[in-house]
Amino acid sequence: VKVKGKISDIKTNASISRVTVVNKNNSSVVLASENGEFEISANRNDKILFSHLGYNYAEVEVNEKWLSGNKTIFLRKNQEQEQEQIQSYHLYRNL
């Protein structure tokens, strides 16, 4: 069965491109499109992992709702990554 959906930023609701989507049960891996859409093979109770540099990963278990229709996954920016970007900005600005 193909599971379809879209990946978005939880704060801005903007699409996140190039998210790695992994079915941990059958080892299939896909890369989300430029507009955050993905399609991956999965069965009920499979665990799907979503990961992207700069974001906390998300893991979901496929259930009946997942098997019917498109779903949206929301990822949250990694706080440490945001802090590093802020510190880098201040360091560059003060040079």
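Residues numbered from 1 in each chain as written. Predicted model: local features only at pLDDT ≥ 70, side-chain atom pairs only at ≥ 80, totals over all residues. Heavy atoms only, no water.

1. So, the side chain of Ser8
To keep things clear, this is the line we draw: Where helices and strands are cited, they refer to DSSP runs of H or I of at least four residues and of E of at least two residues respectively, numbered from the N terminus. We call two residues in contact when some of their heavy atoms are within 4.5 Å.
As for its position among the elements, Ser8 is in strand β1 (residues 2–9). Setting aside chain neighbours within four positions, we find Ser8 in contact with Asn13, Ala14, Ser15, Ile16, Thr72, Ile73, Phe74 and Leu75.

2. Section: the side chain of Asp46
Here is the rule we go by: In this scheme, a residue with accessible area under 20% of its type's maximum is buried, one over 50% is exposed, and one in between is partly exposed, where area comes from a 1.4 Å probe on protein chains only. This count recognises Lys and Arg as positive and Asp and Glu as negative, with His and chain-terminal groups excluded. Note on definitions: salt bridges are taken to be side-chain nitrogens of Lys or Arg within 4 Å of carboxyl oxygens of Asp or Glu. Two N or O atoms form a polar contact when they lie within 3.5 Å of each other; inside protein one atom must be a possible hydrogen donor and the other a possible acceptor, and for residues adjacent in sequence the pair counts only when both atoms belong to side chains.
Within the secondary structure, Asp46 is located in the loop between β4 (37–41) and β5 (47–51). Here Asp46 sits buried without a salt bridge, and the closest side chain of opposite charge, Lys47, lies 8.7 Å off (N-O distance). A distance of 2.9 Å separates a polar atom in the side chain of Asp46 from the backbone nitrogen of Asn43. Beyond its immediate stretch of four places on either side in the chain, Asp46 contacts Asn23, Asn25, Val60, Glu61 and Val62.

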